[in-house]
Amino acid sequence: AGLEDPVAMVKAAADGGADCVFLGPGIVPAVAATLGATRSVGLVVKVTATASRGGVPYQEVATATVERCLALGADAVVALLPFAAAAALRVNLR
């Protein structure tokens, strides 16, 4: 299970005793009912994504706001902020 079946992935995580699942904001609505049925599994939503495929290394961009993640039911949010000198001017969290 994984991106092709996110509901099965969340169920497997819950059945395996996971404390939380770590998801992007776009996939949360697809698994919301499953997460709601098992409140023993927390939801952590990533608010950044790597946009380096265009040739610019270490480029992180915002994909959601904290407020949006809270509206999705997130228990926590996480942002990747690369610690590389070349990335200093490429992190855009606006």
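This text goes with the structure placed above it.
Residues numbered from 1 in each chain as written. Predicted model: local features only at pLDDT ≥ 70, side-chain atom pairs only at ≥ 80, totals over all residues. Heavy atoms only, no water.

Peer 1: What should I look at first to understand the overall build of the protein chain in this one?
Peer 2: On a plain count of helices and strands, the protein chain comes out with three helices and five strands. Each helix (α) and strand (β) of the protein chain, taken in turn from the N terminus, gives the series α-β-α-β-β-β-α-β. Taken across its 94 residues, the protein chain has 28% of its residues classed as buried. For the protein chain, long-range pairs separated by at least 24 residues make up 47% of all intrachain contacts whose partners lie at least 6 apart in sequence. Surface summary for the protein chain: the accessible area is close to 5900 Å², and the carbon and sulfur share equals 59%. (Helix = DSSP H or I, 4+ residues; strand = E, 2+ residues; numbered from the N terminus. Buried < 20%, exposed > 50% of the residue type's maximum accessible area, 1.4 Å probe, protein only. Contact = heavy atoms within 4.5 Å. Areas by Shrake-Rupley, 256 points an atom, 1.4 Å probe, with all protein chains shown as cover.)

Peer 1: How should the nonpolar core be read in this particular structure?
Peer 2: Across soluble globular proteins, nonpolar side chains show a tendency to be buried alongside one another. Ranked by size, the top nonpolar core spans 16 residues in total, and within it Val 21, Leu 23, Val 28, Leu 35, Leu 43, Val 45 and Cys 69 carry the most contacts. Sorting elements by how many residues they give to this core places helix α2 (residues 28–37) first, with three residues. Not counting residues up to four positions away in its chain, the partners in contact with Val 21 are Val 10, Ala 13, Leu 35, Val 41, Gly 42, Leu 43 and Val 44. (Core = buried A, V, L, I, M, F, W, Y, C linked by side-chain atoms within 4.5 Å.)

Peer 1: Which parts of the structure should I look at to understand the pairing of strand β1 (residues 20–23)?
Peer 2: Consecutive side chains of a regular strand alternate in pointing toward one face of the sheet and then the other. On β1, burial follows the alternation: Val 21 and Leu 23 on one face are buried, whereas Cys 20 and Phe 22 on the facing-out side are not. Relative to strand β2 (residues 42–46), β1 runs parallel, the two being bridged by four bridges. Residue pairing across strands places Phe 22 opposite Val 44, the latter belonging to β2. Once you follow β1 into α2 and on to β2, the crossover reads as right-handed. (Pairing = 2+ DSSP bridges. Right-handed = clockwise from strand over helix to strand, strands pointing away.)

Peer 1: Would you mind showing me how to read a nonpolar patch on the surface here?
Peer 2: Residues Val 66, Leu 70 and Val 77 make up a contiguous nonpolar surface patch of about 240 Å² in total accessible area. Residue position: Leu 70 is located in helix α3 (residues 66–71). Judged by relative accessible area, which is 55%, Leu 70 ranks as exposed. (Patch = residues over 30% accessible without salt bridge, like charges linked within 9 Å, V, L, I, M, F, W, Y side chains within 5 Å. Salt bridge = Lys/Arg side-chain N within 4 Å of Asp/Glu carboxyl O.)

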